[in-house]
Amino acid sequence: MSRRGHAADLAESVRALRDYFAYLGRSGVLFPIPGAPPPASAKAATILATSPGDPAPAPPAPQATADTLEKIRDDLGDCTRCRLHQTRRNIVFGVGNPKARIVFVGEAPGADEDAKGEPFVGRAGQLLTNMLKAFGLNRSDVYICNVLKCRPPENRDPDPVEAQTCSPFMLRQIRAIRPKVVCALGKHAAHTLLRTTDPITKLRGKAFDFEGTKLVPAFHPAYLLRNPRSQWEARTDLKKVLELAGNGGKP
Ligand code: URA
């Protein structure tokens, strides 16, 4: 994490602590309040503090510092958490609008993405970009990332350890952006996010719940390149994603 990030975190924690101590002070737990009998216990302090005419402010919830894409990227660092770091050229973190209404999650970088450090820039990526364009969207209107941030050699499937090690960063990206809809591209993303092993043919086009956000699985663009006839279904699924997102999918 950057020094500025640490300083901001520290300031936030100090503020939360100060509020909490102020609350404790007001409720007589820290020090006896002149003129009031000392509370026998924290429970008594709560009862005292909440008696009519003396409304106690709710204790501040322990303030979780808002996560940001910058912080997540900092935490990822020059990652060596799994063996994929040995063969990658670049970490492929994610790209797009941090205020996006739609987040697309793919599987893992391929050779082009590994070379450029950006997700979905190869042939499958061009198809995704064109599909977005057909609905009046640019890549910069949405956010695009993958379950894995490093390329598996020979584009093999992610192994369970890699997915388990890397997916927390993708989950944090979604939580930081708080989009209206997550579109899981392909079975790996859908399985990771929905914790199911149902086939993508069964999942695609349906709206699921992911932590209060809509999640729609769709065919992976690489599959669509191999099976162009399925582009019709993909179009229907993307239309659904845009409808659920509102505002034509624009941020
Ligand atoms: N396939 C993916 O799943 N992600 C990419 O970034 C590129 C291809």
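Because the structure is a prediction, the values reported are computed rather than measured.

**Structural notes on the site of the ligand**
Now for step 1: All residues in the neighbourhood of the ligand are listed as Gly106, Glu107, Ala108, Glu113, Pro119, Phe120, Asn146 and His220.
Now for step 2: Backbone polar atom of glutamate 107 to an oxygen atom of the ligand: 2.8 Å apart, as the coordinates give it.
Now for step 3: At 3.0 Å, a backbone N or O of alanine 108 approaches a nitrogen atom of the ligand.
Now for step 4: Out of a free accessible area of 240 Å², the ligand has 91% covered by protein chains.

**Some details on the nonpolar core**
Now for step 1: By size, the foremost hydrophobic cluster in this structure holds 54 residues, and its most contacted members are Ile102, Phe104, Val105, Tyr143, Met170, Ile174 and Leu193.
Now for step 2: Among the elements that make up this core, the one with the highest residue count is helix α6 (residues 160-177) (six residues).
Now for step 3: Those residues in contact with isoleucine 174 that lie beyond four places of it in its chain are Val103, Val105, Pro179, Val182, Leu193 and Phe210.

**Some words on the pairing of strand β2 (residues 102-106)**
Now for step 1: Among the five residues that make up β2, five are buried, leaving the element largely enclosed by the rest of the structure.
Now for step 2: Of the two faces of β2, the one lined by Ile102, Phe104 and Gly106 and the one lined by Val103 and Val105 are each fully buried.
Now for step 3: Two elements, β2 and strand β3 (residues 143-146), share four bridges in a ladder whose sense is parallel. From the neighbouring strand, glycine 106 faces β3, where its bridge partner is asparagine 146.

**A short note on the confidence of the model for the protein**
Now for step 1: This prediction gives the protein a mean pLDDT of 84; 75% of its residues lie at or above 70.
Now for step 2: Counting interchain partners and residues more than four positions distant, the pLDDT-below-50 stretch residues 16-57 has 31 contacts.

**Let's talk about unusual backbone geometry**
Now for step 1: The backbone of arginine 178 sits at a positive phi, close to 50°, despite the residue not being glycine.
Now for step 2: Inspection of the secondary structure assignment puts arginine 178 in the loop between α6 and β4 (181-185).
Now for step 3: Phi is positive for glutamate 211, close to 50°, though the residue is something other than glycine.
Now for step 4: Of note, glutamate 211 is situated in the loop between β5 (208-210) and β6 (213-218).
Now for step 5: Residue classification places glutamate 211 among the partly exposed residues on the basis of a relative accessible area of 48%.

**Some details on the packing of aromatic side chains**
Now for step 1: Applying the stated rule across the entire model yields one aromatic pair.
Now for step 2: Above the plane of the ring of phenylalanine 93 lies lysine 149, whose end atom (NZ or CZ) is 5.9 Å from the centre.

**Some details on α6**
Each full turn of the α-helix corresponds to 3.6 residues, which orients residues three or four apart in the same direction.
Now for step 1: Here α6 spans 25 Å end to end across 18 residues, near enough to the 26 Å set by a 1.5 Å rise per residue.
Now for step 2: At cysteine 166, α6 shows its strongest bend, of approximately 40°, with the proline proline 168 following within four residues.
Now for step 3: Every buried residue of α6 is accounted for by Glu162, Ala163, Cys166, Ser167, Phe169, Met170, Leu171, Arg172, Gln173, Ile174 and Ile177.
Now for step 4: Residues of α6 that are buried sit in contact with α3 (69-76), β2, β3, β4, α7 (187-194) and β5.
Now for step 5: N-capping of α6 is provided by aspartate 159, with a side-chain oxygen placed 2.9 Å from the backbone N of valine 161.
Now for step 6: Looking one or two residues past α6, arginine 178 carries a phi angle of roughly 50°, positive in sign.

**Describing the layout of surface pockets**
Over the atoms a probe the size of a water molecule is rolled, and this reveals where empty space is left.
Now for step 1: In this structure, the largest pocket encloses a volume near 650 Å³.
Now for step 2: Along its surface, the largest pocket is lined by 28 residues, and Glu107, Ala124, His220, Ala222 and Arg226 are the ones closest to its centre.
Now for step 3: Taken together, the elements giving at least two residues each to the lining of the largest pocket come down to α4 (111-116), α5 (123-134), α7 and α9 (221-226).
Now for step 4: Per element, the largest residue contribution to the lining of the largest pocket is four residues, and it comes from α9.
Now for step 5: Within the lining of the largest pocket, the residues separate by chemical class into eleven nonpolar, nine polar and eight charged.
Now for step 6: Size it by volume and the second largest pocket reaches roughly 390 Å³.

Cut-offs and rules
Residues numbered from 1 in each chain as written. Predicted model: local features only at pLDDT ≥ 70, side-chain atom pairs only at ≥ 80, totals over all residues. Heavy atoms only, no water. Near = heavy atom within 4 Å. Polar contact = N/O pair within 3.5 Å; in protein donor to acceptor, adjacent residues only side chain to side chain. Areas by Shrake-Rupley, 256 points an atom, 1.4 Å probe, with all protein chains shown as cover. Core = buried A, V, L, I, M, F, W, Y, C linked by side-chain atoms within 4.5 Å. Buried < 20%, exposed > 50% of the residue type's maximum accessible area, 1.4 Å probe, protein only. Helix = DSSP H or I, 4+ residues; strand = E, 2+ residues; numbered from the N terminus. Contact = heavy atoms within 4.5 Å. Pairing = 2+ DSSP bridges. pLDDT = per-residue confidence, 0-100. Phe/Tyr/Trp six-rings, centres within 6.5 Å; stacked < 30°, edge-to-face > 60°. Lys NZ or Arg CZ within 6 Å of the ring centre and 35° of its normal. Expected span 1.5 Å × (residues − 1). Bend = angle between axes of the 7 residues up to and from the residue. 1 Å grid on protein atoms, 1.4 Å probe; cavity = no way out; pocket = protein on both sides within 12 Å on 5 of 7 lines; lining within 4 Å. Points joined across faces, edges and corners; volume = space filled by probe spheres on them. Nonpolar A, V, L, I, M, F, W, Y, C, P; charged D, E, K, R; others polar.

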